[in-house]
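Examination of the molecular architecture
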Amino acid sequence: MTVWIAVAVAVLFVAERTLRWYAERRVARLDRRIEALEARAAAAAPGASDALDPTAFGLPARADLDTEHGAPPSRASSAADRARAAARSGDWTPSAAHLTAAGTDWDERHLRIEALARHAVEDDTWLRNWLRKQPDSPDAAVVHAATLVTRIGRLRAIQPERRLRQEELRTLRLLLDGALPACTRAAALAPDDPSPWAWRLEAVLGRSRTEFDAVFQEAVDRAPHHYGAHRSAFRHRTPMPTEPVEPMIAFVEGIAATAPPESLLSGLVLEALLVVDSRQQDFAAWTTPAARRAVDRVLADLGTVPADDPRAAELRHLVAYGLTHDGRYAEAVGQFRLIGRHVGSPPWSWASDPAAWFGTVRNRALAGWDAAGRPAPPEAPGPRPAVGAG
């Protein structure tokens with residue numbers, strides 16, 4: 001058993017180094033593109049890029065951009081903030097109520113579990129109190145499992161120049177030994193809930209395709225269009241730099257073809273295009289007929305969900321990015337208006353200076369729209385009104 005644990009740790013270590021190298025290359029490419037784009041803008045109209053003031057278009061200045069959050073606070077996030085505030089004193093009951101209020105909206109439940117797990121990673125006193133008071137609670141069990149999986153993810157994301165210390169190795173072994181049984185227990189306590197299986201997917205990322213696919217099937221048997229499970233499956237199929245992208249594209253296009261609009265799984269195609277885009281220097285990934293159809297599909301699907309849906313907020317960043325690089329400036333400006341000042345989301349968060357990258361792409365859209373006479377964008381369905389959440 002010890003030998004297998006050592007092998008697993010070694011594999012995780014090598015995988016983490018490789019993924020970090022890929023991410024760093026991607027950031028470097030984005031930074032080079034920022035410089036190239038600004039140089040082209042300056043060559044076309046000296047001083048125009050610097051002179052363009054987004055506030056003249058009713059948009060926030062670069063200095064006012066929030067690079068920590070990808071969307072403004074919603075009623076659901078405000079409820080989560082209240083739960084976190086109570087948890088600081090060890091009170092678990094608001095967190096339990098917040099998760100219970102998601103009901104069988106499995107996507108919303110996944111998002112709430114994710115937020116609670118992130119908080120428990122920082123301080124799990126409240127979670128331990130909850131587990132002690134309600135040892136057979138399915139909600140407490142799945143948050144516990146998600147917390148262990150989140151901790152594994154953070155250890156996998158250590159900086160490449162650092163070596164795993166002996167203490168970190170011991171912690172990783174304990175987490176690996178604890179996460180899968182915790183997911184199993186959570187699944188046993190709530191047989192119809194896809195959440196434990198979706199979190200188990202995160203735990204087995206990087207392991208064999210057979211094991212991953214078996215867990216994925218358990219999740220989608222319970223929720224055929226589960227957003228978190230499909231995103232994990234997409235990440236499992238994201239190719240390394242030397243591998244072809246076609247299998248990944250085929251996978252996400254197959255998902256989008258059968259997904260209902262409100263699932264927003266069509267957005268996985270845009271995430272895949274962003275991977276392709278990261279390998280190029282000319283943004284050509286966004287100018288193909290297939291890419292345009294994918295962006296149009298997501299634009300239509302965004303009109304089927306509430307305005308404060310956090311999945312929609314993330315997708316708007318990708319839509320604005322793709323529209324800008326396809327020269328659809330009027331539509332891009334419309335998305336930038338909806339985005340506002342909250343830019344803590346890919347693709348901007350991949351750059352070393354997210355605000356600069358966002359500002360440059362946004363200015364390109366504004367300049368193109370202004371040069372065309374500020375035409376009205378094509379008619380598109382707007383987002384549904386925001387809904388309350390406990």
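Refer to the structure presented above.
Residues numbered from 1 in each chain as written. Predicted model: local features only at pLDDT ≥ 70, side-chain atom pairs only at ≥ 80, totals over all residues. Heavy atoms only, no water.

Examining the side chain of T324
Put simply, the rule is: Secondary structure follows DSSP: runs of H or I at least 4 residues long count as helices, runs of E at least 2 residues long count as strands, and numbering of each begins at the N terminus. Only heavy atoms enter the contact rule, under which two residues are in contact if any of them lie within 4.5 Å.
With respect to the element layout, T324 can be found in helix α15 (residues 310–325). Each residue touching T324, except ones within four places of it in the same chain, is listed here: Y329, A332, F336, V361, R364 and A365.

Looking at the pattern of salt bridges
Two side chains that carry opposite charge are able to pair once their charged atoms sit near each other. Heads up, the rule is: A pair is scored as a salt bridge if a Lys or Arg side-chain nitrogen falls within 4 Å of a carboxyl oxygen belonging to Asp or Glu. Any residue under 20% of the maximum accessible area for its type is buried, any over 50% is exposed, and the rest in between are partly exposed; the area is computed with a 1.4 Å probe on protein chains only.
Taken as a whole and assessed by the stated rule, the structure comprises 21 salt bridges. Here D296 makes a salt bridge to R328, at a shortest N to O gap of 2.5 Å. Here R328 lies in the loop between α15 and α16 (329–339) and D296 lies in helix α14 (residues 289–302), a separation of 32 residues in the sequence. Under the relative-accessibility criterion, D296 is labelled partly exposed at 38%. Using a relative accessible area of 17% as the deciding quantity, one classes R328 as buried. In this structure, R374 engages D370 in a salt bridge whose closest nitrogen and oxygen atoms are separated by 2.8 Å. Residue classification places R374 among the partly exposed positions, given a relative accessible area of 41%. In this structure, a network of salt bridges that share partners links the residues D107, D309 and R311.

Digging into the environment of L111
Among the structural elements, L111 can be located in helix α5 (residues 106–122). When the C-alpha positions of L111 and P310 are compared, they lie 8.6 Å apart, and in sequence the two are 199 residues distant.

Quick notes on helix α10 (residues 209–222)
Heads up, the rule is: Expected helix span is computed as 1.5 Å times (number of residues minus one). Arc, as used here, means the arc of the directions from the helix axis to the C-beta atoms.
Its 14 residues give α10 an end-to-end C-alpha distance of 20 Å, which sits within 8% of 20 Å, the value for a rise of 1.5 Å per residue. Among the residues of α10, those classed as buried are F212, V215, F216, A219 and V220. When α10 is viewed along its axis, its buried side chains cluster within an angular range of 135 degrees and face the same direction. Turned more than 90 degrees from where α10 packs its buried face, T210 and D221 sit exposed.

What about the packing of aromatic side chains?
Just so we agree on the cut-off: The criterion for an aromatic pair is that two Phe, Tyr or Trp rings (for Trp, the six-membered ring) have centres within 6.5 Å, with stacked assigned to planes under 30 degrees apart, edge-to-face to planes over 60 apart and tilted to the rest. Only Lys NZ and Arg CZ are tested; either one counts as a charge over a ring when it is within 6 Å of the ring centre and within 35 degrees of the ring normal.
According to the stated counting rule, one finds nine aromatic pairs in the structure shown. Taken together, a centroid distance of 5.7 Å and an interplanar angle of 70 degrees make the contact between Y321 and W348 edge-to-face. Taken together, the residues Y321 in helix α15 and W348 in the loop between α16 and α17 (354–371) connect sequence positions 27 residues apart. Its end group placed over the ring of F251, R237 keeps NZ or CZ at 4.1 Å from the ring centre. Directly above the ring of Y227 sits R311, whose terminal nitrogen or CZ lies 5.3 Å from the centroid.

Digging into unusual backbone geometry
Note that the residue after P346, namely P347, is joined by a cis bond; omega there is 5 degrees. Tracing the chain through its elements places P347 in the loop between α16 and α17. Of note, the phi angle at L264 is positive, near 60 degrees, even though the residue is not glycine. Of note, L264 is situated in the loop between α12 (246–258) and α13 (267–277). Judged by its relative accessible area of 1%, L264 is buried. Within the chain, R374 stands out as a residue other than glycine whose phi angle is a positive 55 degrees. By the element assignment, R374 lies in the segment after α17.

Some words on the packing of α5 against helix α9 (residues 195–203)
This is how it is decided: All axes are obtained by fitting lines to C-alpha atoms, using only the stretch in contact for helices, and the reported angles, taken between N-to-C directions, cover 0 to 180 degrees. Each angle is binned into one of four classes, with values under 35 degrees roughly parallel, values over 145 roughly antiparallel, values of 65 to 115 roughly perpendicular, and all other values oblique. Definitions for this section: a left-handed crossing has its near helix turned counterclockwise from the far helix by less than a right angle. A right-handed crossing has that turn clockwise. Basically, the charged four are Asp, Glu, Lys and Arg, the nonpolar ten are Ala, Val, Leu, Ile, Met, Phe, Trp, Tyr, Cys and Pro, and anything else, Gly included, counts as polar.
Where α5 meets α9, the closest approach of the two axes is 10 Å, and the angle between their N-to-C directions is 55 degrees. Regarding the angle of α5 to α9, the classification is oblique. Crossing geometry of α5 relative to α9 is assigned as right-handed. Residue-level contacts link W106, R109, H110, I113 and E114 of α5 to S195, A198 and W199 of α9. Residues that form the contact of α5 with α9 fall into these classes: four nonpolar, two polar and two charged.

By themselves these figures say nothing about function.
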